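One letter stands for each residue in the lines below.
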Amino acid sequence: MKFTYLNRQSTIKSLKNEKFDLVIIGGGITGAGLAMQAAASHLKVALIEMQDFSQGTSSRSTKLVHGGIRYLKQFDVEVVAETVAERAIIQQIAPHLPKPEMMLLPIYDEEDATFTLFRLGVAMELYDSLAGIEETSPYANRILSKEEVLQIQPDISQEGLLGGGLYLDYTNKDSRLVIENIKQAVKDGAIAVPRLKAKAFNYDDQGRIVSVEVEDLLTSDGFSIEGEVFVNTTGPWSDQVREWDTSDQKPAQIRPTKGVHLVVDRSKLAVSQPTYFDSGQKDGRMVFVIPRDDKTYFGTTDTDYQGDLMAPKVDQLDVDYLLKVINHRFPEAALQQMDIESSWVGLRPLISSNGFSDYNGGNNGSLSNEHFDYLVKTVQDYVVGKKTRQEVERTVFEIEQQRSEAVLTPSQVSRGSDLWVSPAGLITVAGGKLTDYRKMAEGAMEQIRKYFTDQGRSFELINSKTYPVSGGSFNPHQVEEAMERFAKIGRLKGLSHDAALDLAWLYGSNTERVLDYIEEAKNYADRYNYPLETAVSLIYAIEHEAVYTISDYLTRRTAYSLFNCQEVNQILTGVAKTLQGKFLLSKEEMEQQMAQYELERSEQSLGKL
């Protein structure tokens, strides 16, 4: 079954005329993961999204499957164990997307530093143990001297540098993880439609939700979708959707925070590998600097956000802050605003009542150095039999009491998730982070199964720990070999090795299916004078990834707009003309798309600051 706007009207007809076991509102990573698990478990699933899939938050992350080493500053072992386990699962079910990388964490002699060398060593050892990384593994952590840090990253500031550490983390293509989950859900029978906006719920005589009113944002057509169970996975919009549910009296839960990332050419800021460090601004934040292709990006900020959820913007304070941090840590770079080629900004749907963030937390509410050292000593005594488990637990409880008294800054609010069910039956899954998406969806599936069991209908949940996403059907322990094998197919069809390999890393085991469109792609590439590899990728994305606009393709399915912004000028006309031809768009419709994309490009390049 093709997943394409070319089938949109027949798909919408099904939404109007059928009743679904499960209706999911929100097509970010959580909704996508839930749709995949539910469809694989043979439920009849409808997934709707008011924008393009992943457009709200899930294409705007730091693009990591992050292990959460920072939680170990609070000795939150259970959270880290869960996070690194989920990270490993994602690599198994989507092996073409996360890539293992050794993260460099330099340590400076600064007030309120997140780690000392000793504490980092303790944390990394525990981190590797929880992740099952053997000492002989090439991904095993190691403590570095100051000289070793500078050998790896010569341009980093030497002032106050004590040394550092290396530990395993994973880079990721966030929006591709979303679309690969949705594609697999559609393959397993789900219906997924973007640009359908949910507006209100309808109820039966018992007060239970039985349908949701929606509007087709392309045609302004309104209709209702009937379902047995409704799930709210709208991220920052979760509280707004809950407001439609007259039975839900639970207070608002979401505290959106804004995260900003900036992109420069690697010639301006060259890093040999992902790097994570304290900001050096005495604000408790940490910042990532990550190489990708020929670019380097860095972030993130973490500030409360109360504006339009649809249109968060990078502001001058964000830019000034990140440039100050980077130039402090990389003084030779001397970055200026004019060096920024692109940017993105996203909202994190944090749960306001939760505690700490592994992502970018501060020290208000985190452990003092004395408490941390005391906790380390207590655990070490427990390991050698000098203290009991009860004594360790009492120590943790006492420290939790000390922590809970602090007022949390935006960057300290937890990435933890929450699931609750209203009296009318609306299930809301909110909070969390990308790394947790599968487990969050699994929790929702357990709740859904309980409901159907109470109704006298049972079904078996799919084992989502081993069920691959679309494109992930190959041996996850031989990824490099698989990529070369997929790339060989592209070379045989006339692509260069590099172009074919790029396609393989985008599409995994779907690469051969992508290349089935090579002859059609040649016609478009020749007609509009743009690269064959781009044309074949675009046509596949139109036919199988629900691409409709220029931004769908260039920003979310490929990230060209973020990391290949100069090359976009060479392919933009070809992309636009191909879309126009495939969808038979009028000149006015295409001009509207182009104007919208140029506006987005201007914002990405900070053209209005």
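Look a little higher up for the structure.
These notes cover the structure that comes with them. (Residues numbered from 1 in each chain as written. Predicted model: local features only at pLDDT ≥ 70, side-chain atom pairs only at ≥ 80, totals over all residues. Heavy atoms only, no water.)

**Points about helix α16 (residues 532-544)**
Taking 1.5 Å per residue as the helical rise, α16 with its 13 residues ought to reach 18 Å, and the 18 Å between its terminal C-alpha atoms agrees with that figure. The element α16 is largely enclosed, with a buried count of 12 among its 13 residues. Residue A546 follows α16 closely and has a positive phi angle near 55 degrees. (Helix = DSSP H or I, 4+ residues; strand = E, 2+ residues; numbered from the N terminus. Expected span 1.5 Å × (residues − 1). Buried < 20%, exposed > 50% of the residue type's maximum accessible area, 1.4 Å probe, protein only.)

**Focus: unusual backbone geometry**
G299 connects to T300 through a cis peptide bond whose omega is 20 degrees. Inspection of the secondary structure assignment puts T300 in the loop between β14 (295-299) and β15 (303-304). One non-glycine residue with positive phi stands out, namely D112, at about 65 degrees. Looking at the element boundaries, D112 is found in the loop between β4 (99-108) and α4 (117-131). Positive phi, normally seen in glycine, also occurs at K282, with a value near 60 degrees. Structurally, the position occupied by K282 is in the loop between β12 (275-278) and β13 (286-292). Here K282 falls in the exposed class, since its relative accessible area comes to 67%.

**Describing the packing of aromatic side chains**
Inspection of the entire model under this criterion finds 18 aromatic pairs. Between F277 and F330 the ring centres are 6.1 Å apart and the planes differ by 55 degrees, which places this aromatic pair in the tilted class. On the criterion of sequence distance, the pair formed by F277 in strand β12 and F330 in the loop between α8 (316-329) and β16 (342-351) is long-range, its members being 53 residues apart. You'll find F277 and F330 in the same group, each marked buried. Ring plane angle 75 degrees and centroid distance 5.2 Å describe the contact between Y507 and Y540, whose orientation is recorded as edge-to-face. Note that Y507 is positioned in helix α13 (residues 497-507) and Y540 in helix α16, a separation of 33 residues in sequence. Here the two residues Y507 and Y540 agree in accessibility, since each one is buried. Here a set of aromatic residues connected by ring pairs shows up, and it is made of Y5, Y548 and F583. Geometry around F223 places K16 over its ring, the cationic atom sitting 5.3 Å from the centre. The ring of Y108 is capped by R329, whose NZ or CZ atom sits 3.9 Å from the centre of that ring. (Phe/Tyr/Trp six-rings, centres within 6.5 Å; stacked < 30°, edge-to-face > 60°. Lys NZ or Arg CZ within 6 Å of the ring centre and 35° of its normal.)

**Some thoughts on the side chain of T4**
Following the sequence through the fold, T4 ends up in the segment before α1 (8-17). Here the side chain of T4 touches L6 through a polar contact of 3.0 Å, landing on its backbone nitrogen. Every residue in contact with T4, bar those within four places of it in the chain, is listed here: I542, E543 and A546. (Polar contact = N/O pair within 3.5 Å; in protein donor to acceptor, adjacent residues only side chain to side chain. Contact = heavy atoms within 4.5 Å.)

**So, the packing of helix α12 (residues 479-492) against α13**
Following both chains from N to C, one finds α12 and α13 inclined at 125 degrees, their axes separated by 8 Å at the closest point. As far as their axial angle goes, α13 and α12 are oblique. With respect to the hand of their crossing, α12 and α13 are arranged in right-handed fashion. On α13, the residues touching V479, E480, M483, E484, F486, A487, G490 and R491 of α12 are H497, A500, L501, A504 and W505. Considering only residue class, the contact of α12 with α13 consists of 8 nonpolar, 2 polar and 3 charged. (Axes fitted to C-alpha atoms, helices over the stretch in contact; angles between N-to-C directions. Parallel < 35°, antiparallel > 145°, perpendicular 65-115°, else oblique. Left-handed = near helix turned anticlockwise from the far one by under 90°. Nonpolar A, V, L, I, M, F, W, Y, C, P; charged D, E, K, R; others polar.)

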